[in-house]
Every structure is written in C-alpha cells, then in structure tokens.
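# Summary of the model geometry
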Amino acid sequence: MIKKLVGTKEFYKSVLAICLPIMLQNGITNFVNMLDNLMVGRIGNAEMTGVSIANQLIFVFSLCVFGAVSGAGIFGAQFYGKNDMEGLRHTFRFKFISCILLAAVAILIYIFGGSFLINQFLAGDGDPNEAAAAFVAAKKYLSVMLIGLVPFAIVQCYSGTLRETGEAVLPMKAGIVAVAVNLLFNYLLIYGKFGFPRLEVEGAAIATVLSRFVELFVVIFWTHKNKQKNPYIIGAYKSFRIPLKLAWAILISGMPLMINEALWASGTTTLNQCYSLKGLNVVSAINISQTFWNLFSVVFMAVGTSIGIKVGQLLGANEFEQAKDTAYKMMAFAVSLGVIVGALYFSFSGLIPQFYKTNEEVKHIATNLIMVSAVFMPISSFVHASYFTLRSGGKVILTLLFDSMFIWCITVPLAFVLSRYSDIYIIPMFAVCQALDLIKVVAGFILIKKGVWINNLVENPAVKELNEG
C-alpha cells in the first residue's frame, strides 16, 4: 500500500517541475494580495471590509474564467500529450473567445448590479456608519477593478495553455513581474508616497489593474516571440473558426466545468454572506482568515492543478495504468503537504490578526477561524486533489455533483438556516460547515478507487475527426 502512494525521487522531481512554478507564482501573487490586504487594513476597518466584499464578487468572475479555461484545458493537455498542435490551437481559440465573452458579461453585471450585491454583505448587526463607509469603499474599488477584468481573462487563456504544454516557468515569471508592479504602486497610491496622490482603496485597485496589464504584456510577448516552442500560436488569430465537432465536444465537457466553477464560486460567496449576518466584525474576520488561507493553501492547490496537467497528458497518451498510479501518488503528496502546511498555519493563528488595525473582537474571531481552517486543511487537500483527478478525464458531471452541487445542496442550506434561525456563534457555525467536507472525502475516495475518471477524450469516437472541416 505504501509503495502505491509513495513515488521515486525521479517521480517527485517530475511533479515538482510542474507544480513548483505554479506554487511560486500563486504564492507570490497571494503574498502580495496579503500585503495589499494589510495595507488597506491599516487605513481602517470599513475600508478593509469594503475591499473584501468587492473581491468576493470578483472572485466569482475569476473562477468562471478558470472554469472556461480549464474546460478547454482538459482537451489541451490531452492534445499536447498526443502531439496534436492543430487541436491545441483550436482549444486556445476556444479559450480566448470564452474569456472575452465572460469579461463582457461580468462588467455589465457589476455595473448594473454591483450596489445590490454589495449591500447583501452589509445586512448584519453593526454600526450603520461603518456599514455606509464600507459600501462606499467597495463601490470605489469595484469600479476601478472592472478595467482589469479583460486583461486578467486573457492572461488565464495564455498561461493555462502554456502550463498544459509543460511551460510553467514563464507564467511564473510574468506573475512575479506583475506582483512587483502591484506592490510598488500599492505603496505609492494607497498612502500617497513620493508625490503620488493618496487614493487609499482606489489606489489599491489601480495598482492591481496596472499589474494585470503588465502581466498580459509579458505573457503575450514571450509566447509570440518563441513560436518554435509554442507552434500552436502560429496562425492562432488568422481565423477564429473552430471545428464544430471539437467546439461541441469542449462545450459538452467544458461547459459543465465552467458552470461548476461559477456555481462553486457563487456558493462560496453566498456562504460568506450567510456568515456576514453574524455581524460586520465577522465580515472583517472572514477577510483576514481567507486572505491568509489563500497564501498557505497554494502548496497543495498547486499539486491539484499539476494533477490535472500530468494525469491529463498520460490519459491523452493512452497510458492509463501510469495515469492511475500517478494520480494516487500525487493525491497522497497533496494530503501530506496539507498536514504540514495546516500545522504551520495553526501555529500562526494568534499572530496573523495582530497585523491589522482593527478591534479586539475581529482579531479574536479571525484567530479562531484560522485555527478551524488549519485543522481541516488536510481534508481540503484531499478534496481538491480528488476534484482535479476526476476532472482530468473529462468526468465533468461527476465534478459538478462533487463540487458545486454539494455546496449548494448541503453546505449553503445549512449555513442559511444556522445564520437566520439560530443564535449559534460564528466559530462553531464555521466549523460545522467545514466538517461537511468529510462527506466529500468518502465520495472522492470511492470514485477515484473505482477509476471512473479514466478516459481519453481526444481518442473518443465522438470527436475522432474533430479537426476536419
């Protein structure tokens, strides 16, 4: 059994070659997001709450883009494993079109419905003046962030395809440059240093938007300059035509995945809205907890993303037994990292909230939320790895049931009832909702063991001639 879960030194080298750049890029990004959060938090509690709410809304858009890119990416990884550059080129076009459309829809929703959505997080108990100040901060931040939605979406299109072809270093480098720009202009524009205007939350948003345009430039420039390494990009924009059979196959497999990401993100946001009914202090505490959760969880999250890439390539090459063996070992690796990082996260639970300029109740709630999240981190690691394993073979209906349907049918209804019809304190309420993931652990274990996810999409008879006509 141990041999089944533990790989050789060469195995871990190959895994780390994929996941380390992803881990570093996401780690640096989340580290700067944490600094951004801390900088805004030093202005005041209302400003921190407002930015947190706006980011909750943008989070839904981000995961919709991730879902669209990942849906086509299932095919992209398998086409690359098959060495089919024409198929990979078509999946890139599909991603690009999808990302532009999603950005346009999101901008319209946030322009016309942003105020309504923000107010849903400010309905809990608390100072009305602070709630009003948080609303103003959220509106200012969101209005500027809309400018960065299109470059963000296009970057995901390019970076996702690069990772599917094994080029994970360039997106990491682009991310590093972007976060450096973000951090520099955060300092200059939030506080008005070196002659720059003091723009506070608007300054934080402007810095983020600037960083996204810089990241976009780096990724596009490198990809098109190195066409010999990226042959799929040659002629990618000569036509936006995609073979009907392939487009339909991606829609059948990819649309449920995008819907899943959208439902999961909106479910998570709704869950946080339920938590917010316990008071404005809870909104601030959740923001602190989640900001640092995002930073610490990049370790096992990167392994999950790597599972989708590495296992997907093996499935595309018809190496089914090796794919299964790889999935088991990578899942065990993810859980091991979850245990280590969870313990580290727990040890910092009392220190993290002290960096914020906020009241003692917020700090107390945040500390306890961090402790609960840390305890459940190994569980989250297993669930995340299971999700990407199921997804690697295109079993999107299963992932839909496993992921978003679970949160909407079980977690959100429970949180809805507890937040509105009980006096339960936020900490046990949060812990109960987290504990529901144990059901997903059992379901994931059964599904992975049965091998229902093992599937070569690009050799499927339904898409056998997908590059014709």
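Placed above this text is the structure.
Moving on, we get to the packing of aromatic side chains. For any pair of aromatic rings, the description consists of the separation of the ring centres together with the inter-plane angle of the planes. As enumerated under the stated definition, the model contains 20 aromatic pairs in all. Seen in terms of ring centroids, tyrosine 387 and phenylalanine 388 are 5.3 Å apart; in terms of plane orientation they differ by 85°. Their pairing is edge-to-face. For the pair tyrosine 387 and phenylalanine 388, one class covers both residues: buried. Ring-pair connections join several aromatic residues into one group, and the members of that group are Phe92, Phe96, Tyr158, Tyr232, Tyr237 and Phe240.

This part takes up a nonpolar patch on the surface. There is a patch of nonpolar side chains on the surface, built from Ile97, Leu101, Tyr237 and Phe240 and spanning about 350 Å² of accessible area. Relative to the assigned elements, leucine 101 resides in helix 4 (residues 85-119). Residue classification places leucine 101 among the exposed residues on the basis of a relative accessible area of 54%.

On to the environment of serine 422. Assignment of secondary structure puts serine 422 in the loop between helix 16 (404-421) and helix 17 (426-435). Judged by relative accessible area, serine 422 falls into the partly exposed class, the value being 24%. Setting aside its immediate chain neighbours within four residues, serine 422 contacts Lys278 and Val417. In this structure the side chain of serine 422 is engaged in a polar contact, spanning 2.5 Å, whose partner is the backbone oxygen of leucine 418.

As a further point, take the nonpolar core. Counting 74 residues, the largest nonpolar core has Tyr275, Phe296 and Tyr345 as the members making the most contacts within it. Setting aside chain neighbours within four positions, we find tyrosine 345 in contact with Ser289, Phe292, Trp293, Phe296, Ile352, Ile370, Ser373, Ala374 and Met377. Within the second largest apolar cluster, 70 residues are counted, among which are Ile58, Val60, Leu88 and Ala106.

Moving on: the packing of helix 11 (residues 298-316) against helix 14 (residues 377-392). Each pair of packed helices gets described by two things: the angle between the helix axes and the distance between those axes. Across the interface, helix 11 lies against helix 14 with an axial gap of 8 Å and an inter-helix angle of 20°. With respect to helix 14, the element helix 11 is oriented roughly parallel. The handedness of the crossing between helix 11 and helix 14 is right-handed. When helix 11 is examined against helix 14, the residues Phe300, Met301, Gly304, Thr305, Ile307, Gly308, Val311, Gly312 and Leu315 are found in contact with a partner set consisting of Met377, Ser380, Ser381, His384, Ala385, Phe388, Thr389 and Ser392. Within the contact of helix 11 with helix 14, the residues separate by chemical class into eight nonpolar, nine polar and no charged.

Reading the values: the criteria
Residues numbered from 1 in each chain as written. Predicted model: local features only at pLDDT ≥ 70, side-chain atom pairs only at ≥ 80, totals over all residues. Heavy atoms only, no water. Phe/Tyr/Trp six-rings, centres within 6.5 Å; stacked < 30°, edge-to-face > 60°. Buried < 20%, exposed > 50% of the residue type's maximum accessible area, 1.4 Å probe, protein only. Patch = residues over 30% accessible without salt bridge, like charges linked within 9 Å, V, L, I, M, F, W, Y side chains within 5 Å. Areas by Shrake-Rupley, 256 points an atom, 1.4 Å probe, with all protein chains shown as cover. Salt bridge = Lys/Arg side-chain N within 4 Å of Asp/Glu carboxyl O. Helix = DSSP H or I, 4+ residues; strand = E, 2+ residues; numbered from the N terminus. Contact = heavy atoms within 4.5 Å. Polar contact = N/O pair within 3.5 Å; in protein donor to acceptor, adjacent residues only side chain to side chain. Core = buried A, V, L, I, M, F, W, Y, C linked by side-chain atoms within 4.5 Å. Axes fitted to C-alpha atoms, helices over the stretch in contact; angles between N-to-C directions. Parallel < 35°, antiparallel > 145°, perpendicular 65-115°, else oblique. Left-handed = near helix turned anticlockwise from the far one by under 90°. Nonpolar A, V, L, I, M, F, W, Y, C, P; charged D, E, K, R; others polar.

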